[in-house]
Amino acid sequence: MNIRKTILLVAALAFVLGGAGLYSYTRYQARDLDHVEAAPEEGGEHEEDEHAEDEHGEEGHVDAVKLTPEQLKEFEIDIAEAGPGSLDSGLNLTGEVKLNEDKLAHIVPKLAGVVREVNKSLGDEVKPGEVMTVIESRELASAKAKFLSAGERVALAQATFAREKNLWERKISAEKDYLEARQVLAEARIAQREAEQELHTLGFSDAQLAKLPGLSDEAMTRFEVVAPFSGTVIEKHVTLGEAIETDAGIFVVADLTSVWMDFNVHQSDLASVRKGQAVRLRAGAGQPETEAVIAYVGPVVGAETRTAIARAIVENPDGLWRPGQYVTGNVAFEKETVPVLVPKTAIQNVDGSPSVFVKDEDGLEATPVTLGRSSETHQEIVEGLEPGQRYAATGSFVLKAALQKGELGHQH
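Calculation notes
- Numbers given for residues are sequential positions, taken from 1 along each chain in its written order.
- Reporting in this predicted model follows two pLDDT cut-offs: at least 70 for local features of residues, and 80 or more for side-chain atom pairs to be given and counted; totals over whole chains, interfaces and linings ignore these cut-offs and use all residues.
- Calculated side-chain values reflect all of the structure's heavy atoms, with hydrogen atoms and water omitted.
- Helical segments are the DSSP runs of H or I of at least four residues, strand segments are the runs of E of at least two, and each set is numbered from the N terminus.
- Each residue's exposure class comes from its accessible area (1.4 Å probe, protein chains only) as a fraction of the maximum for that residue type: buried when under 20%, exposed when over 50%, partly exposed otherwise.
- Any two residues whose heavy atoms approach within 4.5 Å at even a single point are treated as in contact.
- Note on areas: Shrake-Rupley, 1.4 Å probe, and residue coverage restricted to the protein chains presented here.
- By definition, two strands form a pair when at least two bridges between them are found by DSSP.
- Pairing of aromatic rings covers Phe, Tyr and Trp, the last counted by its six-membered ring, and requires centre-to-centre distances within 6.5 Å; plane angles under 30 degrees mean stacked, over 60 mean edge-to-face, and any other angle means tilted.
- Only when the NZ atom of a Lys or the CZ atom of an Arg is both within 6 Å of the ring centre and within 35 degrees of the ring normal do we say a charge sits over the ring.
- Salt bridges are counted wherever a side-chain nitrogen of Lys or Arg sits within 4 Å of a carboxyl oxygen of Asp or Glu.
- Any N or O atom pair separated by 3.5 Å or less is treated as a polar contact, with the protein-specific requirement of one donor-capable and one acceptor-capable atom, and with residues adjacent in sequence counted only for side-chain atom pairs.
- For a helix, the expected span equals 1.5 Å multiplied by the number of residues minus one.

Engineer: It is not clear to me how the overall build of the chain should be interpreted in this structure. Could you clarify?
Structural biologist: A count of helical and extended segments in the chain gives eight helices and 26 strands. Within the chain, the fraction of its 412 residues that count as buried is 34%. Contacts spanning at least 24 positions in sequence make up 75% of the contacts within the chain whose residues lie at least 6 apart. Carbon and sulfur atoms make up 52% of the accessible area of the chain, which amounts to about 24900 Å² in all.

See below:
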């Protein structure tokens with residue numbers, strides 16, 4: 001007898017614990033939606049269940065949710081009245097951050113030689129005239145010597161010409177000697193000007209040329225490669241002791257305080273994108289939105305992509321925008337008033353159709369709607385919601401969940 005009581009007690013305890021676990025799991029699944037009532041379709045729950053069970057064996061269906069004012073507040077569901085609104089539509093574009101090629105320099109040495117100093121590395125900042133590398137060049141020494149010798153020849157020719165002119169004027173020497181001296185002076189000056197222009201081409205100023213006679217032999221071969229403007233070294237192709245030629249690209253310097261945003265615009269949208277339009281830029285999480293203006297729209301459509309380039313120039317003083325980074329842009333169009341405009345938070349996909357929860361005497365009913373134009377935050381409703389009707393502007397996801405819970409509750 002005691003054994004039988006023990007068995008019955010254990011069985012009862014197992015039943016109680018199993019029921020409690022099932023109840024806890026059901027409450028976890030439903031969460032706060034337990035006290036949201038899903039209203040059945042017209043005809044009543046009993047009639048619907050009987051019809052589903054007797055004729056087809058399918059689950060019941062509900063299309064409205066009843067909530068009290070307290071529940072509306074609890075689930076942050078705002079009821080609004082449908083009406084007109086101003087639609088700030090736009091065109092979404094994808095693109096890429098690129099270097100501002102108007103502020104980009106490919107630095108070449110201009111002279112062949114051997115690298116003796118390398119003063120800059122990748123990522124270093126440079127200022128105008130700052131020495132980036134030094135090259136030892138025999139070609140430079142030859143050009144400087146040519147300039148100096150041309151100057152000496154000019155001085156000698158000037159002295160000879162002055163003497164011959166004096167003698168000719170005094171009728172002591174022939175005119176032929178005077179004319180020959182004048183020709184020699186002219187040729188010396190031409191040679192000097194040619195040597196001077198050659199050094200100017202290599203970047204030497206008049207002040208530097210004036211100092212050449214006092215330079216040491218070592219300084220005669222020293223060629224300094226300097227930065228053309230303030231910027232950042234983004235490429236470096238030079239090493240100490242390397243022999244380089246005149247066409248070698250040794251550095252690339254970019255001014256990153258401004259960048260290009262190049263967007264691909266499909267040919268069907270080109271009529272809507274114009275120079276001077278505002279564009280809102282995004283590049284992902286952590287990147288703040290930035291406003292810019294379209295500065296250029298390409299006149300040519302690519303044969304393969306069927307797109308043209310729309311470019312915005314963006315100031316980048318803090319270096320937040322990095323070349324190569326993907327970016328999205330929204331080109332704003334003119335605002336337009338539409339008869340019915342709702343926030344996108346009001347729209348849910350119910351039974352495969354976009355729907356809005358419209359408030360009537362049965363509760364909040366999922367009503368299929370036809371969508372029109374849209375902006376980032378709002379949607380035009382073409383059919384299904386009339387001006388003056390009241391609808392759930394926010395919290396539609398909660399209503400959809402409650403609707404689905406109601407359906408599941410009527411399965412058989």
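Engineer: So what exactly am I meant to see when it comes to the sheet that holds strand β13 (residues 251–254) here?
Structural biologist: Sheet strands associate in pairs through backbone hydrogen bonding, adopting either a parallel or an antiparallel arrangement. On the basis of which strands lie adjacent, the open sheet formed by four strands has the order β6-β13-β11-β8 and antiparallel pairing. Of all the strands in the sheet, just β6 (104–107) and β8 (125–126) have a single pairing partner and so form its edges. The pairing of β6 with β13 spans four bridges and is classified as antiparallel. Bridge assignment links Leu 104 to a residue of β13, and that residue is Ala 254.

Engineer: Quick question: what am I supposed to make of the packing of aromatic side chains here?
Structural biologist: Ring pairs (aromatic) are described by centroid distance and by the angle formed between their planes. A full pass over the atoms with the stated rule returns two aromatic pairs. Measuring from centroid to centroid gives 4.6 Å for Trp 168 and Tyr 178, while their planes differ by 5°, and the two rings are stacked. With Trp 168 in helix α4 (residues 138–169) and Tyr 178 in helix α5 (residues 175–201), this pair connects stretches of sequence that are 10 residues apart. The ring of Trp 260 is capped by Arg 311, whose NZ or CZ atom sits 3.8 Å from the centre of that ring.

Engineer: I tried to follow the sheet that holds strand β9 (residues 131–136) on my own but got confused; where do I start?
Structural biologist: Strand order across the open sheet formed by four strands is β10-β9-β7-β12, with antiparallel pairing between neighbours. The open sheet has two edge strands with one neighbour each: β10 (222–226) and β12 (243–244). Taken together, the five bridges between β9 and β10 define a ladder with antiparallel strand orientation. The partner of Val 131 across the bridge, within β10, is Val 226.

Engineer: Would you mind showing me how to read the pattern of salt bridges here?
Structural biologist: Two side chains of opposite charge can pair, provided their charged atoms sit close to one another. In the structure shown here, the tally under the stated rule is 13 salt bridges. A salt bridge links Glu 380 to Arg 373, with the shortest nitrogen-to-oxygen separation between them at 3.1 Å. On the accessibility criterion, Arg 373 (38% relative accessible area) is partly exposed. A single salt-bridge network, built from bridges that share partners, covers Arg 280, Arg 282, Glu 289 and Glu 291.

Engineer: I would appreciate a short explanation of the side chain of Gln 277 in the present structure.
Structural biologist: When you line up the elements, Gln 277 lands in the loop between β14 (258–266) and β15 (278–282). Within the structure, Gln 277 has its side chain in polar contact with the backbone nitrogen of Arg 274 (distance 2.7 Å). The contacts of Gln 277, once residues within four sequence positions are left out, are Ser 272, Ala 292, Val 293, Ile 294, Val 331, Ala 332 and Phe 333.

Engineer: How should α4 be read in this particular structure?
Structural biologist: Helical geometry: 3.6 residues make up each α-helical turn, so side chains three or four residues apart lie on a common side. Between the first and last C-alpha of α4 there are 46 Å, a value that for 32 residues agrees with the 46 Å anticipated at 1.5 Å per step. Considered for burial, the residues of α4 that qualify are Leu 140, Ala 141, Ala 143, Lys 144, Phe 147, Ala 150, Val 154, Ala 157, Phe 161 and Glu 164. Its buried side turned inward, α4 meets α5, α6 (206–211), α7 (217–220) and β10. For α4, the N-terminal cap is Ser 137; the gap from its side-chain oxygen to the backbone nitrogen of Glu 139 is 3.3 Å. In the stretch just after α4, Lys 171 is the one whose phi turns positive, near 65°.

Engineer: Help me understand α5, please; the structure alone is not making it clear to me.
Structural biologist: For α5, spanning 27 residues, the distance from its first C-alpha to its last is 39 Å, which sits close to the expected 39 Å at 1.5 Å a residue. Regarding α5, the residues found buried are Tyr 178, Ala 181, Leu 185, Ala 188, Ala 195 and Leu 199. Buried residues belonging to α5 abut α4 and α6. Backbone geometry just after α5 places Gly 203 at a positive phi near 105°.

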